[in-house]
Amino acid sequence: MSSSQEFFAAYDALLARWPTGTAEIDVPTPYGTTRVHAYGPADATPVLLLHGGGSTGAVWFANAPTLGTHHRVLAVDILGDAGRSIPGGRPLRTTIDLMAWLDALLDGLTVSRTHLLGHSYGGWIALTYALHAARRVDRLVLLDPTQCFANFRPGFLLRSLPILLRPTQARARVYLDRETAGTDTDLGWKRLYALAVSGFANRNWSSAAARTPQH
């Protein structure tokens, strides 16, 4: 099995844990086609989920059943990151590009206003977007947002050098084990992340996504 096949096998294994009734939606934007996992009543208040770097939208499988009880869950494979979104057209190079992509994504989903939840790198995107287009964000939830309120500590960057300089599956797992110490981290997600950051997924990551290890 090729590295790409391994990655998508891990991706599909997580996606299979989403509740029955989950729909896969491909939304065209000027920057490429964005994959969205959608669950919950179509007419309910939307909640857009933005994953951490290398995690993909499939990672929200454990949250979707509860969130989808009263909301329309829209979990995005962030364009330029690992997953089934496909870059094309305009390149994603700047923060302005990311904001324009998210504008286009919401337009394509016919969502004028949404709750917005982001983790890590997705948290940085979510906060930046809320400042960019406050009229479109109802409520904002940030989980361990990357570099939103403080810079990285030198010690963290030093410990992260191995995965920054030469990312491998083994180094990705060591990084995750250190960052999630004491928690019951899902093994399927850990495998997906390790495959993603070691380069087995979409290699056309945006410069923003690739600037630092994120979980």
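As a reminder, the structure under discussion sits directly above these lines.
Residues numbered from 1 in each chain as written. Predicted model: local features only at pLDDT ≥ 70, side-chain atom pairs only at ≥ 80, totals over all residues. Heavy atoms only, no water.

Student: Would you explain the overall build of the protein chain in this entry?
Tutor: Scanning the protein chain from N- to C-terminus turns up eight helices and seven strands. For 215 residues, the compact-globule formula gives about 17 Å, and the C-alpha radius of gyration of the protein chain, at 16 Å, lands near that figure. The 215 residues of the protein chain split such that 52% are buried. Taking all contacts inside the protein chain whose residues are at least 6 apart in sequence as the whole, residues at least 24 apart take part in 71%. Counting only carbon and sulfur atoms, one obtains 55% of the accessible surface of the protein chain, whose full area is about 10000 Å². (Helix = DSSP H or I, 4+ residues; strand = E, 2+ residues; numbered from the N terminus. Rg over C-alpha atoms; globule rule 2.2 N^0.38 Å. Buried < 20%, exposed > 50% of the residue type's maximum accessible area, 1.4 Å probe, protein only. Contact = heavy atoms within 4.5 Å. Areas by Shrake-Rupley, 256 points an atom, 1.4 Å probe, with all protein chains shown as cover.)

Student: I tried to follow the pairing of strand β2 (residues 32-39) on my own but got confused; where do I start?
Tutor: For a regular strand, side chains alternate in direction, first toward one face of the sheet and then toward the other. The element β2 is extensively covered by neighbouring structure, given that seven of its eight residues are classed as buried. Relative to β2, strand β1 (residues 23-29) is paired through seven bridges, and the arrangement is antiparallel. In the strand pairing of β2, D26 is matched with R35. In textbook terms, the turn of a hairpin is the stretch between consecutive antiparallel strands, and for β1 and β2 this stretch comprises two residues. Bridge count between β2 and strand β5 (residues 86-87): two bridges; the pairing is antiparallel. Bridging across to β5, G32 finds its partner in P87. Bridge count between β2 and strand β4 (residues 71-76): four bridges; the pairing is antiparallel. Directly across from A38, in β4, lies its bridge partner L74. (Pairing = 2+ DSSP bridges.)

Student: Honestly, unusual backbone geometry in this entry has me stumped. Any pointers?
Tutor: Glycine aside, residues mostly have negative phi, and peptide bonds are mostly found in the trans state. For T56, which is not a glycine, the phi torsion comes out positive at approximately 70°. Of note, T56 is situated in the loop between β3 (45-50) and α2 (64-67). In this structure, D144 takes a positive phi of about 45° despite not being glycine. When its relative accessible area of 45% is taken as the criterion, D144 is described as partly exposed.

Student: Help me understand the layout of surface pockets, please; the structure alone is not making it clear to me.
Tutor: Over the atoms rolls a probe the size of a water molecule, and in doing so it shows where empty space is left. Size it by volume and the largest pocket reaches roughly 440 Å³. Forming the boundary of the largest pocket are 18 residues, of which V59, W60, N63, H119 and W189 lie nearest the centre. Of the residues contributing to the lining of the largest pocket, the split by class is six nonpolar, nine polar and three charged. (1 Å grid on protein atoms, 1.4 Å probe; cavity = no way out; pocket = protein on both sides within 12 Å on 5 of 7 lines; lining within 4 Å. Points joined across faces, edges and corners; volume = space filled by probe spheres on them. Nonpolar A, V, L, I, M, F, W, Y, C, P; charged D, E, K, R; others polar.)

Student: Would you explain the packing of aromatic side chains in this entry?
Tutor: For any pair of aromatic rings, the description consists of the separation of the ring centres together with the inter-plane angle of the planes. Counted by the stated rule, this structure contains six aromatic pairs. Measuring from centroid to centroid gives 4.9 Å for F7 and F8, while their planes differ by 75°, and the two rings are edge-to-face. Aromatic rings pair up to connect F7, F8 and Y11 into one cluster. Directly above the aromatic system of Y31 lies the positively charged group of R90, at a separation of 5.8 Å from the ring centroid. (Phe/Tyr/Trp six-rings, centres within 6.5 Å; stacked < 30°, edge-to-face > 60°. Lys NZ or Arg CZ within 6 Å of the ring centre and 35° of its normal.)

Student: So what exactly am I meant to see when it comes to helix α4 (residues 121-132) here?
Tutor: Residues separated by three or four positions in an α-helix point in the same direction, a consequence of the helix having 3.6 residues per turn. Helix length check: α4, at twelve residues, gives a terminal C-alpha distance of 16 Å against a target of 16 Å (1.5 Å per residue), a fit within 8%. With ten of twelve residues buried, α4 lies mostly within the body of the structure. Buried residues of α4: Y121, G122, G123, W124, I125, A126, L127, T128, Y129 and A130, and no others. The inward-facing, buried residues of α4 abut β3, α3 (95-108), β6 (114-119) and β7 (137-143). (Expected span 1.5 Å × (residues − 1).)

Student: When you look at the environment of L142 in this model, what are you seeing that I'm missing?
Tutor: Turning to its location among the elements, L142 is positioned in strand β7. Along the chain, L142 and S120 lie 22 residues apart, while their C-alpha atoms are 7.9 Å from each other. Non-local contacts of L142, meaning those with residues more than four positions away in its chain, are made with G118, G123, A126, L127 and F149.

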